[in-house]
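# Structural overview for review
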Amino acid sequence: MLWNNFKVAFAMYSKIPMPRADWNKENMKYTFCFFPFIGLVIGALSYLVGWAGEKFGFHSTFVSAVLVLVPVLVTGGIHVDGLLDTSDALSSWQERERRLEILKDSHAGAFAVITACVYFLAWYGAYSQLWTNQPALLIMALGFMVSRCFSGISVMTFPKARKDGTVAEFSRKAEEMTVRNVLILYLGILLAVMVWIQPILGVLAFAAAAFSFLYYHHKAMKYFGGITGDLAGYFLCLCEVTMAIVLAVASVWF
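Structure report, in brief. (Residues numbered from 1 in each chain as written. Predicted model: local features only at pLDDT ≥ 70, side-chain atom pairs only at ≥ 80, totals over all residues. Heavy atoms only, no water.)

## Let's talk about helix H11 (residues 199–224)
Its 26 residues give H11 an end-to-end C-alpha distance of 37 Å, which sits within 8% of 38 Å, the value for a rise of 1.5 Å per residue. Just downstream of H11, Gly-225 is the residue with a positive phi angle, here 75°. (Helix = DSSP H or I, 4+ residues; strand = E, 2+ residues; numbered from the N terminus. Expected span 1.5 Å × (residues − 1).)

Shown next, in the form of structure tokens:
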């Protein structure tokens, strides 16, 4: 059963090939317990790219560009899609129902394009600064798990803006309390490891993630009345790039 939950998590939120599993209640009870492990794959690959770049003397611009692409290649850009859709909806300044309609619109508006440019430039700039700082890069690698733990907690606990969306379906079929508690346990372990790697950088990165989580809750409740899959993707991207920027700035001193 747990293996099927693992397969559903990776089939839904990554491009990593997985054996087929039926998307029924039994196979989706604990799906979000395995969601952070996609972040583990992204983090491991990112750290490997940084290690190889330094060992073999690749130019920093090339290494930074590859690092930016790693999460997109692993996930297929599913979370970036949520970021861009949400940016269009928030920038429309329409009523709540109209914002929710914009989230479902497959067309990219001007604000989505602007957001994409800013988002990837921010990542590139952050990685250009932090990739040679091994503790900072390792903490960022763990950050991909942290963001997914927070995202999973939001799916289990936040109100849903729609009753028929993907997030609502996963929430209905999940053992919410068990999944939430497992994700909180993961967060505690991740915080301890991040602090062990470098206390100040670890605390700053985790605090940036927690702040992003609170900001996400505020935005979702105020402008949408709950969360959707797109908003969860928006949070994931915002959380990760915020951690990267904080680590990039702090890595100058630590």
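## Observations regarding the side chain of His-79
Of note, His-79 is situated in helix H5 (residues 78–92). When its relative accessible area of 9% is taken as the criterion, His-79 is described as buried. Those residues in contact with His-79 that lie beyond four places of it in its chain are Tyr-13, Phe-35, Arg-148, Gly-233, Tyr-234, Leu-236 and Cys-237. (Buried < 20%, exposed > 50% of the residue type's maximum accessible area, 1.4 Å probe, protein only. Contact = heavy atoms within 4.5 Å.)

## Looking at a nonpolar patch on the surface
Side chains of Ile-200, Leu-204, Ile-245, Val-249, Val-252, Trp-253 and Phe-254 sit close together on the surface and give an oily, nonpolar patch of about 670 Å² of accessible area. Only H11 and helix H12 (229–250) provide two or more residues apiece to the nonpolar patch. Mapped onto the fold, Leu-204 is located in helix H11. (Patch = residues over 30% accessible without salt bridge, like charges linked within 9 Å, V, L, I, M, F, W, Y side chains within 5 Å. Areas by Shrake-Rupley, 256 points an atom, 1.4 Å probe, with all protein chains shown as cover. Salt bridge = Lys/Arg side-chain N within 4 Å of Asp/Glu carboxyl O.)

## Section: the packing of aromatic side chains
Under the defined criterion, the tally for this structure stands at 20 aromatic pairs. With a centroid separation of 5.3 Å and 15° between ring planes, the pair formed by Trp-3 and Phe-6 is classed as stacked. Placement of both Trp-3 and Phe-6 in helix H1 (residues 2–13) is noted, with a separation of 3 residues, approximately one turn of the helix. Note on Phe-32 and Phe-35: the rings are 5.3 Å apart at their centroids and 70° apart in plane angle, and the pair reads as edge-to-face. One end of the pair is Phe-32 and the other is Phe-35, both in helix H3 (residues 31–56) and 3 residues apart, which spans about a single turn. According to the relative accessible area criterion, Phe-32 is buried, its value standing at 4%. (Phe/Tyr/Trp six-rings, centres within 6.5 Å; stacked < 30°, edge-to-face > 60°.)

## Things to note about the state of the cysteines
All told, the structure shown has 0 disulfides when counted by the stated rule. The closest cysteine sulfur to the non-disulfide-bonded Cys-149 is located on Cys-33, 9.7 Å from its own sulfur. Taking the relative accessible area as the measure of exposure, Cys-149 reaches 0% and is therefore buried. Here Cys-239 is not disulfide-linked; the sulfur of Cys-237 is the nearest cysteine sulfur, at 10 Å. A relative accessible area of 0% means that Cys-239 is categorised as buried. (Disulfide = S-S within 2.5 Å.)

## Section: the nonpolar core
Residues Trp-123, Tyr-127, Met-140, Val-146, Phe-150, Tyr-216 and Phe-224 are the most contacted members of the largest nonpolar core, which totals 75 residues. Setting aside chain neighbours within four positions, we find Tyr-216 in contact with Ser-154, Phe-158, Ile-227, Leu-231, Ala-232 and Phe-235. (Core = buried A, V, L, I, M, F, W, Y, C linked by side-chain atoms within 4.5 Å.)

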